[in-house]
Structure formats: structure tokens, C-alpha cells
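Structural overview for review
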Amino acid sequence: MKKLIVVLMGLSLCGSLSAQTPVAPSTGAGEENARQERIKWWRDGKFGMFIHWGLSAIPGGIWNDKVSKAAYAEWIMFDEKIPAKEYEKLAGKFNPEKFDAQAWAAIAKQAGMKYLVFTTKHHDGFSMFDSNLTPYNVVAATPFKRDVTRELAEAFRAAGLHFGCYYSVDRDWYRPQGPGNNYKQANVWDYPDSKREDFDRYFDTFAKPQVEELLTKYRPDLLWFDEIDMKTDAQVEELYQTVRKLRPECVINSRIQGCRFPAKIPPPHCDYITSGDNEILEKNIGFEWENPGSMNTSYGYNLNDHNWVSAAEIVSRLVEIVSKGGNYLLNVGPTPEGLIPQPCIDRLAKVGEWMEVNQECIYGTSAWKVYGEGPSFENKKDTVGMNIRFTAKGDSVYAICLDWPEKDFVIKAFGKAGVAGKKVGAVRMLGVKDEIKWSQSDEGLTLSVPKERPCNYAYVYKIDIQK
């Protein structure tokens, strides 16, 4: 089972741990009201599908019969320093005849996911949509000649799900972008003499216009940027205002500027914070955030990556994230034939079975501040043999047990040390008809255990608080 990575507030995959608590700047009431209205569907949905798919699926982590040492197969162009003219030949081989956007949407919906984020242009510079700005796109450059972004947008919306676009501005290995910055992630093997002016030209004449194309052609509900501080502050502001002008209701993530954890909360130019890859914050930060997670090591399709996490681990991560006020954006990396890998389908089906019983404790909930500012959990050392996470909605609290309770147990959060003065009115376990016997005292809330388990992985007590 892949280890769950939990990070302190201030740490991201490409950042460093901040010792200071982020400072909250003043925000206009009107601007915050607009953000709250814009982000409501996303905040309530909690669980989304991330899809990394493009030309890199064809080599699948192997180049010139050599298995790449890189963890992420979608980075093979950079890691193997493949010349752009050589890499672009993959477009002539991209013909995913088994691609079915409706089938992908059905898999996401069955799993309980509420939105999609699709890689319309990853760092390799290939456009997975019908772009008027370059022939290096899925319609003009491949034998497939279908606009997969259009098909996914239509299929997911037809299924009642929201549609979002991933777009990489700061890294485009197909085009000259200058020498790069301290991340050193520019294509200097093809363009060793490229200057900063090349990046500015690329931003003005290609990247920002492509974002405008996405906004007007596909009307995304979310734009998911993946940046590394290559843009100037003025360029970030220009990009942000472009989104707000063309599609005011579009949600924007914090990587519009960089991938470090923001120094201020709420951060500028975005609606929510993206944490590092597979990194989960230590606690609720009082602002919306999302974890982009993978089901194995790589995000793009990798022939040799069989490090699959279990369905139990996925449920555990989902519960952990939601209990801390976050969303879980879980990735799949389809094959070059256009299929979501079967291990992903199998795990998502099992997650969907759990969601069918317990979705009430996920959708539309918020983190429950048990002991003031947290933590929003009780571990085995706090509760007799139990790991518990909490979410809340209205007058109900959901105690999500990550272990099956073998005998009656006490939740201390409902005792004198926790929510003193809050009286419990009723208790039941989701998916169970058995009556739950309970009693509340200074020690906490004592709960009985049903005879049979209603599901696998995690078990939810719904606790109604008296008004």
C-alpha cells in the first residue's frame, strides 16, 4: 500500500516548509462574495477525476528501448532530453481508437466523482484540443483527428459533472522559453541560446491566447494551472483578468503563479489552494484546498508502474482530505489506445460502492472544528482502538471510523474536553438499519456497534446535535 503523505501547512512538492503561519490579507466583501458563489459547486463536490493523457502515453515511460528512471512518465521528453523534432513524431502515431468519452464519464460518475480536470496542454507542448494557434494539436497532427477535449466536455456535462481544463503555461518543452528559472525545467537542449524575451513572446502570442481559446470554445468550469513562477507579477495579473473577463464564473487554482504553498491566505489570483502531488495538509487551514493524487507513482500512463494504491487507501485519503476541508482530485492515466487502465477502473468501482453508502458524509460537508482550531480527528491513542475523522453539515456531525469498532467505544470529542454544552439528539450508522445505542457524558459519546458491516474500508456514524 502506498504510504499516505501528510504535510504541514506551508509545504508543497516544489516548495519548502514555511515556519510561519500564513497571514490573511484584507479582501473586499464583494470580491469574496463572488468567490464564494463561484466555488460553491466545487467545494460541495469534494471528489474529482484528474486525467493526464497525451503523446507521452505512447512511449509509456520507455524511450529507445530503455526504461526511464523518472517517476512521472509524462515527463519523459524532459527527463530523456528528447529533441522536439523527434518527440513530435509521436503525434503521427496517436490514434486511440478505443477512446470513449462517455465511458470515461461513466467511470467517474460511478466512483462518486463530481468534476473532471483534463490535461489540454501538458509540459510537452502538445495541444489536446483543436487549436487555431498551432497545427501541433490532436485534430491537425494525428491520424485520430478528433477533438478529445470537446468530446470530454460534452460527455462529462451530459453525465451531470463539471468540466475543467489543465493548462501548463510556464513549461512548454516544444517551444523556446528562455533559460528557465531556478527550477531549471526549460528546454535548453534544443534552445541553448533562448532568452527571457522568448518566454514573454510565447506568453503574449501563444499561451495566453490558447487560454482564451479554451475559455471561449469549451467554457471550462475550472482552469487548473501548473506553474513554476516563470511569469512576472504583471503577467499573472493579466492572465487572471483574462479569465475573469471571458468567463467570470470559472474557478482558478493557486498554481496560476507557482506551485509553492501561498505565503498569504487567502492568496491572490485564485479561488483555492492546490497542495503538492499526493501531499495532504496537516489540518484545516480555513480556506479551500485540493490535493492532486495519483493511483500509482506516475500521473501519465506508465507501462512499468504497478505501484497501485488500494481502494481502501483511496477511501482513507478521501476521508482524510475532506475532514480537513479539502477536495481530492484523483488521477488516471489512460493508455495510448484510449482506455483507462483496468486497475484504476477496479479501484474506482470499489470506491463508488463505498460512496453509494456514505456519500452523505462527503458531499456538501465541511471540516468540523472539534477542539477549537483542530485537529479534526481522534487517533487510537485518543479513542479506544479507533481512528476517527470528522465532517459536518448543518446540525449533523459525521464520525468516520477508519477501523471497524469491535466493541462499544467512546468519542471524546463529545465530552467535556471537546464540544462541552453540545447535546446529542440522535445517532445512526449510515447504511445500517440496526438501532445504535448511545449515551453522552463528560467522558464523551459512547456508541454501540451494529452486528454487520454496511460496507468496506470506513464506517460512518451520523450524529445529530440538538438545536
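That block above? That's the structure.
Let's shift gears to the pattern of salt bridges. If you walk through the whole model with that rule in mind, you get 31 salt bridges. Here D172 makes a salt bridge to R175, at a shortest N to O gap of 2.8 Å. R175 gets classed as buried once you look at its relative accessible area, which sits at 12%. One network of salt bridges, with partners in common, ties together E32, R35, R43 and E288.

Per the stated rule, a full pass over the model turns up 25 aromatic pairs. Between W404 and Y459, the ring centres sit 4.9 Å apart and the planes meet at 75°, which makes this aromatic pair edge-to-face. Of this pair, W404 sits in the loop between β16 (396-401) and β17 (409-411) while Y459 sits in strand β21 (residues 459-465), and the two are 55 residues apart along the sequence. Just as W404 is buried, Y459 falls in that class too.

Further remarks concern unusual backbone geometry. Backbone torsion omega between I265 and P266 reads 0°, so that peptide bond is classified as cis. In this structure, P266 sits in the loop between β8 (251-252) and β9 (273-274). One non-glycine residue, N64, lies in the positive phi region at around 55°. Along the chain, N64 turns up in the loop between β3 (62-63) and β4 (66-67). Although it is not a glycine, D65 adopts a positive phi angle of roughly 65°.

What counts and how
- Residues numbered from 1 in each chain as written.
- Predicted model: local features only at pLDDT ≥ 70, side-chain atom pairs only at ≥ 80, totals over all residues.
- Heavy atoms only, no water.
- Salt bridge = Lys/Arg side-chain N within 4 Å of Asp/Glu carboxyl O.
- Buried < 20%, exposed > 50% of the residue type's maximum accessible area, 1.4 Å probe, protein only.
- Phe/Tyr/Trp six-rings, centres within 6.5 Å; stacked < 30°, edge-to-face > 60°.
- Helix = DSSP H or I, 4+ residues; strand = E, 2+ residues; numbered from the N terminus.

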